[in-house]
Amino acid sequence: MKYGKGIAALLGTALLAGTLAGCGKKGAENGGAGADTEPVKGRDVETEVALPEQLEGCTIMQLFAEEGEAHLLATRQEAGKITFQEWAQTEDGFADVTRDWMAALALPVSGDWIEASLLVPGEGKRCLYAGYVEEGEEDFKCHLWTEENGEAGEITPEKWKMPNEEWGGYEMLTGIAALENGTLAAVSYTSADILDGQTGIVLESEDIYTQYDKVASDGENIWLYATYSDGIGLNMEKRREGRSSGAASVTFPQGNGQMQLCPLKDGTLILAGTDGIFRGTEDAEAEGGFVWEKLLPGVETDFSLSDRWCGEIAALEDGAIYALFHKSGGGSLLKKYEYDPDAVIEVTEELKLYTVYESTLLSQAAAMYHREHPEVMITIEYEYPKYYDDETDYNAVYQKLNTMLMGEAAPDILVMDHLDIDSYAEKGLLADINDVVEPLEENGELLSNITSAYRQEDGSRYVVPLEFAFRMAIGRDITAEDMGSLEALAEFLSKQDFSYMGQLTVSELIDRFYPYFCNDIVDGKQLDREALSRYLEALKTIEDNCGILEVRDKDSRAYNMWELASEAKLAFEEVEGFNNAMFPLAIMDYIQGEFAAFENCFIPMVQMGICAKSGYQDRAKDFLRFILSEEIQQMDSYGGFPVNGAALDKNARKDRSEAEAETQIAADGGDVEFRIGSYSQETADELTAMCRSLNKPAGEDEKIREVLTESMDGYLKGTQSLEDTVRKVEDGLKMYLAE
């Protein structure tokens, strides 16, 4: 579909790009080893550290450094009791160094939610922090122990034992760390405290309402920081001996996603996350007081993999850095990063991938492809982070993309979501990828009901979606059949005297339903008046049931699935994978309702194409095959359902207990506790069958949306005839469709 004259003009200028040189960079141009140069030696590398077999069945809670060694704190749960172990790395591997007082602790814990940290407040002394729900109780409470005469002595501060007067719960820490002067710094959601490491007595307390959710220590200073960076920067606060007086703020000017901090005694900071591992050195003249050096790009580390997350990092004085990763589905990995003077920088090909939105699938595939092909680096450039909620400036996106296509910075691989695919293809800017996709369809690897929609009449194909979603209709007092299509829904609602979805504005009504007939009302360059009339009549019937709202108050919103247990009887939710389906299906179970895939439409996501002028088309196609493989597609990262059939079936059978959650919803005249649990295998199979039966892509066209919204107000209010409304829409789109 088309996106407007201004964009069409911009695309016209991009034709110049077709005659330029290839997009990719090679050899010494990208810092790699060229064909006529000696390989560059010396770099930081990632290696895996073997964990002791005795930790099988344990949960590794913490990684920390002491006296130049890496230490681990692990817990084991047996017969409703939690016990603790400490392990230290030696020349021969990890050794059990658990002290007798800690080994004797056996906590009666209810459930499997526990927080634990081993703290060293100077001279080898140990304190153990643990937060959990005790057997027979309902509240989460924090506890603190230390060694007293060879036994565990509880030194839990009195304030941790008292419920909060405002919200009733007990103190919940966001972080706790030790200082070498014998004190502990504990930060909760409401206060920052300095505790005596021998008695647990609160020495100083400060009310604090902060964005920081983690605490780290270099022995003399406490660092507060937020583990999540939004791409603008990571904020940190340095507190001398834990006190706010004289505190200094530091901003790490890059990074996106979750990050971990480890400060060293010499003032050096180590930061690690998706974008890489960085070392910050104090420099009074530098902006923010630190100069940052990237030790390793994220793509060469486990930080870039979505099936694991980092719990802790620890940096040693000899330069080695350790990272503790927890894997989805259970288990942990310990990785070590250090400089290897003989390691060779192997990258000889660098391909650029451009996408408007960040994608976990893309970053995961780029990292894993680099591991299989060390000589190839796929660098990803995006405009907006994955969970960006504000309006996207597509004019700016087109300007930037077309500028890149006309220059040497042109991407090799493009993700075309919400971009005008047809115009780019018509102007020869996209390569034909049918030779990659068609064989995978024919041998059954791909869901051809999704991917075949992109095959042109001449057999060519310019993009393929890597993931997809669908709009789930969830309702009570309505069958799946009656809410499965626009016309069926209109027929059903015409007989009801209850507003199933609550009042909607005209634009809300259009936004909710137009993507499902957007493609059907245009035939070539003409408006299909008959199809349009049919859909407009259905919208009128639906709006008659809803009721028209002139203007939506800024403090209100249209009903969605959150209101299904109270005011609403029908809601729509875009479902992006098996884990993402848990909430709407839990709501459906709660209201004893049904669900359907509305209009049997799929919503394409991560639509990938290859730049026609790329000098690395064969490599780009190989990467496309890789990202379409079961190995990559089987990871459920809440981005969408996979288009790989085997991955879809495997995801349907996965254990989803890690994604379970609890919240509150409005029901029965008040708020009730609501559990989002795993659904049955039968329901998972039903979802799989739905995914395999979806047969048409949802459409989007901003101009069509705009004209429909402007034309329908009078018709919905009964002051404008259907014929006049159709004519008004036709007049508004005539020139646009003729372009």
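### What to know about the overall build of the protein chain
1) Next: Along the protein chain, the regular secondary structure elements total 19 helices and 39 strands.
2) Next: For the protein chain, whose C-alpha radius of gyration is 29 Å, the value lies close to the compact-globule estimate of 27 Å for 739 residues.
3) Next: With respect to the three principal axes, the spread of C-alpha positions in the protein chain is 90 × 75 × 50 Å.
4) Next: Counting the 739 residues in the protein chain, one finds 53% classified as buried.
5) Next: Sequence separation of at least 24 residues holds for 63% of the intrachain contacts in the protein chain that already meet a minimum separation of 6.
6) Next: When the accessible surface of the protein chain is summed, it comes to about 33,000 Å², and 45% of that surface belongs to carbon and sulfur atoms.
7) Next: Positive and negative side-chain charges of the protein chain, numbering 62 and 141 respectively, have mean locations separated by a distance of 4 Å.

### As for unusual backbone geometry
1) Next: With a phi close to 50 degrees, E241 is a non-glycine residue in the positive phi region.
2) Next: Structurally, the position occupied by E241 is in the loop between β18 (234-240) and β19 (248-252).
3) Next: At D477, a residue that is not glycine, the phi angle is positive and equals roughly 60 degrees.
4) Next: Topologically, D477 is positioned in the loop between β30 (464-475) and α9 (486-493).

### Considerations on the packing of α9 against helix α11 (residues 529-546)
1) Next: Between α9 and α11, the least distance of the axes is 9 Å, while the angle of their chain directions is 40 degrees. Taken together, the axes of α9 and α11 lie oblique to each other. The handedness of the crossing between α9 and α11 is left-handed. Between α9 and α11, the residues in contact are L486, E487, L489, A490 and L493 and R534, Y535, A538, L539, T541, I542 and N545, respectively.
2) Next: Residue composition of the contact of α9 with α11, by class: eight nonpolar, two polar and two charged.

### Some details on the sheet that holds strand β25 (residues 321-327)
1) Next: Ordered by their spatial adjacency, four strands build an open sheet running β2-β26-β25-β24, and the pairing between neighbours is antiparallel. The strands lining the two open edges of the sheet, one partner per strand, are β2 (41-49) and β24 (308-315). Strand-to-strand, the axes of this sheet are offset by a mean angle of 30 degrees, without reference to chain direction.
2) Next: Here seven bridges tie β24 to β25, and the two strands are oriented antiparallel to one another. Looking at β25, one finds that A314 is bridged to Y322.

### As for the sheet that holds strand β12 (residues 183-188)
1) Next: Within the open sheet, the four strands sit side by side as β11-β12-β13-β14. Their pairing is antiparallel. At either margin of the open sheet sits one strand with a lone partner, and together these are β11 (173-178) and β14 (202-207). Sheet twist, expressed as the mean angle between neighbouring strand axes with direction ignored, is 15 degrees.

### A look at helix α12 (residues 582-591)
1) Next: Here α12 lies mainly inside the structure; eight of its ten residues are buried.
2) Next: Of all the residues in α12, the buried ones are M582, F583, P584, L585, A586, I587, M588 and I591.
3) Next: Where α12 is buried, its residues touch β30, β33 (570-575), β34 (594-597), β37 (661-667), β38 (670-676) and α16 (681-693).
4) Next: Q592 lies just past α12 and shows a positive phi near 55 degrees.

### What about the confidence of the model for the protein chain?
1) Next: Looking at the protein chain as a whole, its pLDDT mean stands at 90, while 94% of the residues score no less than 70.
2) Next: Ranking the elements of the protein chain by mean pLDDT puts helix α1 (residues 5-13) last with 45 and helix α13 (residues 617-627) first with 98.
3) Next: In this model, residues 1-10 is a region of pLDDT below 50 whose contacts with residues beyond four sequence positions or in other chains number 27 contacts.
4) Next: Throughout residues 12-21 the model reports pLDDT below 50, and contacts reaching past four residues in sequence, or to other chains, amount to 17 contacts.

### A closer look at the pattern of salt bridges
1) Next: For the coordinates displayed, the defined rule picks out 52 salt bridges.
2) Next: R705 is the salt-bridge partner of E702, the closest N and O atoms lying 3.4 Å from each other. Of this pair, E702 and R705 both sit in helix α17 (residues 702-711), three residues apart, which is roughly one turn of that helix.
3) Next: You can call R705 partly exposed: its relative accessible area is 22%.
4) Next: Salt bridges sharing common partners tie together E46, D302, D307, R308, K335 and R371.

### Comments concerning the packing of aromatic side chains
1) Next: Overall, the coordinates contain 25 aromatic pairs when judged by the stated rule.
2) Next: Ring plane angle 35 degrees and centroid distance 5.8 Å describe the contact between F583 and F674, whose orientation is recorded as tilted. In this pair, F583 sits in helix α12 while F674 sits in strand β38, placing the two residues 91 residues apart along the sequence. The two residues F583 and F674 agree in class, both being buried.
3) Next: Through successive ring pairs, a cluster of aromatic residues spans W223, F252, F278, F290 and W292.
4) Next: In this arrangement the basic side chain of R534 is found over the ring face of Y535, its NZ or CZ atom lying 5.3 Å from the centre.

### Side note on the pairing of strand β8 (residues 127-134)
Two faces, one strand: in a regular strand the side chains alternate between the faces of the sheet.
1) Next: Of all eight residues that make up β8, seven are buried, and the element is covered over most of its length.
2) Next: Bridging between strand β7 (residues 107-119) and β8 involves seven bridges; their strand directions are antiparallel. Bridging from a neighbouring strand, V109 pairs with E134 of β8.
3) Next: Looking at chain direction, β8 and strand β9 (residues 140-148) are connected through seven bridges and run antiparallel. Bridging from a neighbouring strand, L128 pairs with W145 of β9.

### Side note on α9
1) Next: Listed as buried for α9 are L486, L489, A490, F492 and L493. Looking down the long axis of α9, one finds its buried residues gathered within 165 degrees of arc, a one-sided arrangement.
2) Next: Looking at the buried residues of α9, the elements they touch are α10 (506-513), α11 and β33.

### Some remarks on the state of the cysteines
Here, disulfide denotes a covalent bond that connects the sulfur atoms of two cysteines.
1) Next: Inspection of the entire model under this criterion finds zero disulfides.
2) Next: The structure places no disulfide on C127, whose sulfur is separated from the nearest cysteine sulfur, that of C142, by 15 Å.

### A closer look at the packing of helix α4 (residues 360-372) against α13
1) Next: Two elements in contact, α4 and α13, have axes separated by 10 Å at closest approach and are oriented at 115 degrees. When the interaxial angle is binned, α4 and α13 end up roughly perpendicular. The element α4 and its partner α13 pack so that their crossing is right-handed. Listed contacts from α13 to L361, L362, A365, A366, M368, Y369 and E372 of α4 are R619, D622, F623, F626 and I627.
2) Next: Taken together, the residues that form the contact of α4 with α13 break down as nine nonpolar, no polar and three charged.

### Examining the environment of L316
1) Next: Mapping L316 onto the fold places it in the loop between β24 and β25.
2) Next: Look at L316 and you get buried, because its relative accessible area is 5%.
3) Next: On a C-alpha basis, the gap between L316 and L264 in space is 8.0 Å, while along the polypeptide they are 52 residues apart.
4) Next: When residues no more than four places from it in sequence are discounted, the contact partners of L316 are A65, G68, E69, A70 and Y322.

### Some words on a negative patch on the surface
1) Next: A contiguous patch of negative charge, built from E67, E69, D266, E317 and D318, is present on the exposed surface.
2) Next: If you trace the backbone, E317 turns up in the loop between β24 and β25.
3) Next: Take E317: its relative accessible area is 60%, and that puts it in the exposed class.

Calculation criteria
- Residues numbered from 1 in each chain as written.
- Predicted model: local features only at pLDDT ≥ 70, side-chain atom pairs only at ≥ 80, totals over all residues.
- Heavy atoms only, no water.
- Helix = DSSP H or I, 4+ residues; strand = E, 2+ residues; numbered from the N terminus.
- Rg over C-alpha atoms; globule rule 2.2 N^0.38 Å.
- Buried < 20%, exposed > 50% of the residue type's maximum accessible area, 1.4 Å probe, protein only.
- Contact = heavy atoms within 4.5 Å.
- Areas by Shrake-Rupley, 256 points an atom, 1.4 Å probe, with all protein chains shown as cover.
- Lys, Arg positive; Asp, Glu negative; His and termini not counted.
- Charge placed at Lys NZ, Arg CZ, Asp CG, Glu CD.
- Axes fitted to C-alpha atoms, helices over the stretch in contact; angles between N-to-C directions.
- Parallel < 35°, antiparallel > 145°, perpendicular 65-115°, else oblique.
- Left-handed = near helix turned anticlockwise from the far one by under 90°.
- Nonpolar A, V, L, I, M, F, W, Y, C, P; charged D, E, K, R; others polar.
- Pairing = 2+ DSSP bridges.
- pLDDT = per-residue confidence, 0-100.
- Salt bridge = Lys/Arg side-chain N within 4 Å of Asp/Glu carboxyl O.
- Phe/Tyr/Trp six-rings, centres within 6.5 Å; stacked < 30°, edge-to-face > 60°.
- Lys NZ or Arg CZ within 6 Å of the ring centre and 35° of its normal.
- Arc of directions from axis to C-beta.
- Disulfide = S-S within 2.5 Å.
- Patch = residues over 30% accessible without salt bridge, like charges linked within 9 Å, V, L, I, M, F, W, Y side chains within 5 Å.

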